Amino acid sequence: MDETTLSVDLATQELYVKARNDGSETLWDRKAALKNQCGFGEQGVCCRICTMGPCRVSPIPGKGVQKGICGATADVIASRHYARMVAGGSSAHSDHGRHIAHVLHMASRDGDYQIRDEKKLLNVAARWGVATEGKDIYQVAHDVAEAALNDFGKPFGSMVIPPSITKQRLKVWEDNDILPDAIDKEVVSIMHATHMGCTADAESMINLSMRTSLTDGWGGSYIGTEFSDIIFGTPMPREIEANMGVIEKNMVNIVLHGHEPSLSEMIVVAADDPELKALARGVGAEGINLVGICCTGNEVAMRHGIKIAGNFNQQELAIVTGAVEAMIVDVQCIFPSLANLAQCYHTKFITTSKLAKIKDAVHIEFDENNAYECAKGIIRKAVENYTNRKHEKVSIPTHKSTGMIGYSNQAIIGQLDRVVNSYTHKPGTFEPLAQCLVSGVLRGAAGVVGCNNPKVKGDHSHIEIIKKMLANDVIVVVTGCAAQAAAKAGLLSKDAVKYCGVGLQKVCELADIPPVLHMGSCVDNSRILELVGEVAKILGLDMSELPVVGAAPEWMSEKAVAIGTYVVSSGIDTFLGVVPPVTGSPEVTDILTNRLEDWVGAKFYFETDPAVAAEKMLARIEEKRAKIEALN
Ligand code: SF4
Ligand code: MSK
C-alpha cells in the first residue's frame, strides 16, 4: 500500500512504513484484507433484529427482494438501524456524563477529587434547582450530582434543558414532539421501538431518533462537560504540541487514550509524585512523559497542556514507535487490536474499565474511591517496563506542531472582552462575536468535529474544509479527532491567520485568538451548542437562523451519528463526509437530507468530496445570512 494515500499526516505515513517493516498489522491492512465491504450493510438494508432473519433487501426500489420475512421494507430496516446507532452513541456519551456525575458526588475537600470551579458549580446548581445559600460548597456539589443522577431515569416530566437553548428552539422541539423525557428512558425507548414488530414507519423512527439524540447533546454530554469543568477546572487557553514527535526517546512514555477524564486526571497528578519520578530515574529514564490520543488526549491537553500524540488513526502507530511503555485506556474508540500489537513491542496495554475489557490486555480496574493510589500503581507498571524497551525497535518521527487549545466558552468570552473597546457591547458576553456575524466581518461559523475513518484519506478532509472556511472569513471551532488533525496541521496556531480572509484576520488579531478554536473532546460539542444558543439569544433569533454549519468529514462512530442528529435537531446543518448506512432507503435519505429542514430548520448533507462539501457549507452560510443581515 502506498502510505501517501492513507493519510496526509507525515508521521502517520512514516510509522505505517515502520509497522510494515516490523511485520505489525494496522487498520489499513485489515481494511485491505476485508476487500469489498458489504454493500447491503453499507446501505443499511440488512436486518438481523430477529432470528427469522437476517434479511437483506434490495436497495433499489422495485428490483429484487423488497421486504424482509416480517414485511419490513428497506425504509423500515434502514431507519431502525439509524435509530439504534443514535441510541448507541447517546448511551456512550450519557454514560460518560453519569460517570462524571458520580465522581462529582464523591468529591470532598480532603479526597482525590475536589471542586476546581466553584463559580460554575453555583451556576449549574441553579439550573438543577439546588439551594446554595449557607451551604458548604461540597454539599452543593453532592446535591447537584444527585439531582443530575436522578434526572437520568426520572419517571415523569422532561429532561432538564440547559438555559442556553432559545425559546424558539424549545417550541420547535415541542411542536415536533422531540422534547426528550429522561435520558435513560429515551435510549431504552429506542431499543423498544426498534424491536421486531414495533415502529415500521421511517418518519416516526427518525423522529424518535432526534428525541433520543437530544438527551445526548443537551443532556449526557452537557453534564459530562460541565461537571468535568467543575471537578477538574474549566479549560483556559494554553499552548501545546501535537503529533508523534511528542514521544520522547529517553523518557518513560505513557499514552492516555479513551474518553473519560476521571482516570487520566489522576494519572496526570500521580505522574508528578516524587516517588514515581525517582523510580523513573532509577530505571535510567529522564522522567515520565504523558501524551494523549483521541478525546482523553483532548481532555488532559485542554486542562494541563499534556501533549497530543495523535488522533484516532494513530492509536496503533503510537505503539509502533517502540517507545511507549504503557498505553492506558478507559472507554470508547479503543481498537481491540492494540492488545496483540502491544505484544509485538514491549508496551503494556492496560485497560481500566469494566465496560471496556479487552482480551490479552493487562486489566487494572480503576477504582475512583482509591483513585490516586490506583493511578500510581498503573504508572509504576509503566515505569518498571522501561527496562524492557527493545531499542532496536525504536523509531520516533520528529513531526510535531504547536498550537493553542483550551477554548471553553468562558475562555472565549475572556478573549472577546479584550475587544470591548472596539465594539459597543457588554463585557462578559458573546456580543462581540454576535456583532461580527451581523456586520459580516465574519461571514459565519463552522464546527468541524469527529473522527478519522480509513474510508477517507486521514485528516485530509478535516484540513481541506477548515482551510476553505478560514479563507472565506468563517471562524472554525473544533473538537475530538478533528481538533487533533487541526493541531497537527498547525491550524491551531495564531500563525494560521495566514490562511484567513481579511475579516477573520482582523477578529483574530483583536481578540488574540487563532482562527480555529479547539473546544475540547466529543462530549464538549455541548460547548458548541451553548455558544450557538447564547449568540442566537443575543440576536433574538433561533439557532437555525444563524449562519452556522457543522461538519463531520471523517466520522466513524455511533456517537457521531448521535452528535449529527442532535446538531441538526438544534437547527444547525450538518455535513457528513462519510455517507451513513441509510442510502438503501430512499425515504430515510430524503428525510435526513431534505424533509428535516421543514421539521427543525436544518438538515444533513452527505458529501464525500471535501472541496465540494466546503463549497456547499459556504453557500448554506450565505443563504442563512439573510435573516441576520436584516438586523443591520
Ligand atoms: Fe427479517 Fe423482519 Fe426479523 Fe428484520 S425483523 S430480521 S426484516 S424478519
Ligand atoms: S475520540 S468518537 S474517534 S472524534 Fe472522541 Fe475521535 Fe471520533 Fe472517537
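Since this is a predicted model, take the numbers as computed values, not measurements.

1. Some remarks on the domain arrangement of the protein
No. 1: Here the protein is described as being made up of domain 1 (74–232), domain 2 (244–393) and domain 3 (407–629).
No. 2: Of the residues lining the interface, 17 residues belong to domain 2; the matching set on domain 3 comes to 20 residues.
No. 3: Summing both partners gives a buried area of about 1,400 Å² for domain 2 against domain 3, and 56% of it is carried by carbon and sulfur.
No. 4: The interface formed by domain 2 and domain 3 includes zero salt bridges.
No. 5: Where domain 2 meets domain 3, there are 14 residue pairs in polar contact (both at pLDDT 80 or more).
No. 6: Contributing elements (two or more residues each) for the side of domain 2 that touches domain 3: helix 12 (294–304) and strand 6 (307–310).
No. 7: Ranked by residue count, the leading element in the side of domain 2 that touches domain 3 is helix 12, at seven residues.
No. 8: Grouping the amino acids of the side of domain 2 that touches domain 3 by side-chain chemistry returns seven nonpolar, eight polar and two charged.

2. Some remarks on the site of ligand 1
No. 1: The full set of residues close to ligand 1 is C47, I49, C50, M52, G53, C55, G68, I69, C70, A72, R80 and M196.
No. 2: Residue composition of the shell around ligand 1, grouped by class: nine nonpolar, two polar and one charged.

3. Some words on the packing of aromatic side chains
No. 1: Inspection of the entire model under this criterion finds six aromatic pairs.
No. 2: Between the aromatic rings of W218 and Y222, the centroid separation amounts to 5.8 Å while the plane-to-plane angle is 15°, which identifies the pairing as stacked. Placement of both W218 and Y222 in helix 9 (residues 202–232) is noted, with a separation of four residues, approximately one turn of the helix.
No. 3: Y222 sits in the buried class, given a relative accessible area of 3%.
No. 4: The interplanar angle of 10° and the centroid separation of 4.2 Å between the aromatic rings of F575 and Y605 together place this pair among those described as stacked. With a gap of 30 residues between them, F575 in strand 15 (residues 573–576) and Y605 in strand 16 (residues 604–606) connect regions that are remote in the sequence.
No. 5: For F575, a relative accessible area of 2% corresponds to the buried category.
No. 6: Taken together, the ring pairs in this structure connect W173, W218 and Y222 into an aromatic cluster.
No. 7: Geometry around Y345 places K393 over its ring, the cationic atom sitting 4.7 Å from the centre.

4. Focus on the sheet that holds strand 12 (residues 474–479)
No. 1: Strand order in this open sheet of six strands is 13-12-11-14-15-16, and the pairing throughout is parallel. Of all the strands in the sheet, just strand 13 (516–520) and strand 16 have a single pairing partner and so form its edges. Strand-to-strand twist in this sheet, taken as the mean axis angle between neighbours without regard to direction, amounts to 25°.
No. 2: In terms of strand pairing, strand 12 meets strand 13 through four bridges, oriented parallel. When the bridges of strand 13 are listed, T479 appears paired with G520.

Cut-offs applied
- Residues numbered from 1 in each chain as written.
- Chains lettered and ligands numbered in written order.
- Predicted model: local features only at pLDDT ≥ 70, side-chain atom pairs only at ≥ 80, totals over all residues.
- Heavy atoms only, no water.
- Domains from an automatic or database assignment.
- Contact = heavy atoms within 4.5 Å.
- Buried area = accessible area lost by both parts, 1.4 Å probe.
- Salt bridge = Lys/Arg side-chain N within 4 Å of Asp/Glu carboxyl O.
- Polar contact = N/O pair within 3.5 Å; in protein donor to acceptor, adjacent residues only side chain to side chain.
- Helix = DSSP H or I, 4+ residues; strand = E, 2+ residues; numbered from the N terminus.
- Nonpolar A, V, L, I, M, F, W, Y, C, P; charged D, E, K, R; others polar.
- Near = heavy atom within 4 Å.
- Phe/Tyr/Trp six-rings, centres within 6.5 Å; stacked < 30°, edge-to-face > 60°.
- Buried < 20%, exposed > 50% of the residue type's maximum accessible area, 1.4 Å probe, protein only.
- Lys NZ or Arg CZ within 6 Å of the ring centre and 35° of its normal.
- Pairing = 2+ DSSP bridges.
- Axes fitted to C-alpha atoms, helices over the stretch in contact; angles between N-to-C directions.

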